[in-house]
Amino acid sequence: MWIYSRHCLAGSVRAKSHASTVCNCFVHNFMNPLFSVYPHLEERLEWIDLGLTCARIEKFQTLPNTWVKRNDDISLIYGGNKAHRLAYMLGEAKKQGKSHVITLGSLGSNHCVATAAYCNFLGMKCTTLLGPQPLTEYVRNNLKRLIYYKADVRYINSNMLVGVAFYSWLRLRYPRAYFIGIGGSGSLGMLGALTPVFELGEQIREGELPEPDVIYYPTASNGGLAALAVGLYLQNIKSKIIGVRTGTSYIGPIALNTETTVRNAVYELSKS
């Protein structure tokens, strides 16, 4: 979820109790706004309709000139930006004839839960390779969700070894599986993350909110922030973007979420 304001647009999953609805989004027949602008992409990309709706805009009552885009509320299965990415990545997996998806993250990874949820929805097997994270109530609840969605949960007590396993022996063990990187932030996932950005552009043009001066965006795996930057640029929206890091910057010497990794992600997406 994002919060915008005119001033400011930022993100928080706890915004619901502090916000009031200012628009009603369609619930059925979701039309991908990215394909409306670039129809040739619909022919090139395998996009699965996961039953998502557009993310409505709400205005905060407690903060002046501040709006939130409710990406958390776009699905009865599992909301958030990850759902848009999975619509493309699972579509590609289906196109390749894959029935088994393997991904990775920390113990409380929202991405892993979203992948498990939509794999279960599509009748696909999902394996999640998880690394250590403090065992908070939120993390426990996400682990319960993984079990609920019938994920094959595997735990390794080292984030470094999780990466080694994901990129080496798991690929040898399951050569017919479809692999999704951390956060779903590959080029295909980032194209999926463009969908809500172009949706935002439509909402600005239709007057549901003014063009924000500032957009605050939570980031852990680079792809969403990179898609926001590219999507705003393509639509000539001049808002300043402030990324709010929600995960770790490094695993050992490996950069995960830094200014450099975000710039690299923007460059990768711009080539797609």
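Whatever comes next refers back to the structure up there.
Notes on the structure in this doc start here.

Conventions used here
Note on numbering: residues in each chain are counted from 1, in written sequence order. Thresholds applied to this predicted model are a pLDDT of at least 70 for local features of residues and 80 or more for the giving and counting of side-chain atom pairs; totals over whole chains, interfaces and linings are not thresholded and use all residues. Note that water and hydrogens are dropped before the side-chain values are worked out from all heavy atoms of the structure. Accessible area is worked out with a 1.4 Å probe on protein chains only. A residue is then buried under 20% of its type maximum, exposed over 50%, and partly exposed in between. We count a stretch as a helix when DSSP gives it H or I for four or more residues in a row; a strand needs E for two or more, and each element gets its number in order from the N terminus. Here a strand pair is declared whenever DSSP counts at least two bridges between the two strands. Helix axes use the C-alpha atoms of the stretch in contact, all axes being lines fitted to C-alpha atoms, and the angles between their N-to-C directions lie in the range 0 to 180 degrees. Contacts are residue-level and defined by heavy atoms, with any inter-residue pair within 4.5 Å sufficient.

What follows is about the pairing of strand 5 (residues 66-69). Residues in a regular strand project their side chains so that they alternate between the two faces of the sheet. The alternating pattern of strand 5 places T66 and V68 and W67 and K69 on opposite faces, both of which are buried. Judged from the three bridges that link them, strand 4 (residues 57-60) and strand 5 form a sheet pairing that is antiparallel. The residue bridging K59 from the neighbouring strand is W67, located in strand 5.

Backbone-to-backbone hydrogen bonds pair the strands of a sheet. The strands run either parallel or antiparallel. Read across the sheet, four strands follow the order 8-7-6-9 without closing on themselves; strand pairing throughout is parallel. Edge positions in the open sheet fall to strand 8 (152-155) and strand 9 (178-180), since each of these has one partner strand only. Each neighbouring strand pair of the sheet contributes to a mean axis angle of 20 degrees, computed without reference to strand direction. Here strand 6 (residues 100-106) runs beside strand 7 (residues 125-131); their pairing, made up of seven bridges, is parallel. Its bridge partner being in strand 7, V101 is matched across the sheet by C126. Packed on one face of the sheet, helix 3 (residues 81-95) meets strand 6 and strand 9 and runs near 160 degrees to strand 9. Along the sheet, helix 6 (residues 159-167) makes contact with strand 6, strand 7 and strand 9, crossing strand 7 at roughly 145 degrees.

Here the focus is the environment of L107. By the element assignment, L107 lies in the loop between strand 6 and helix 4 (110-122). Sequence separation of L107 and V139 is 32 residues, and the distance between their C-alpha atoms is 6.4 Å. If near-sequence neighbours (up to four positions away) are discounted, L107 is found in contact with L130, G131, Q133, L135, V139, L143 and Y155.

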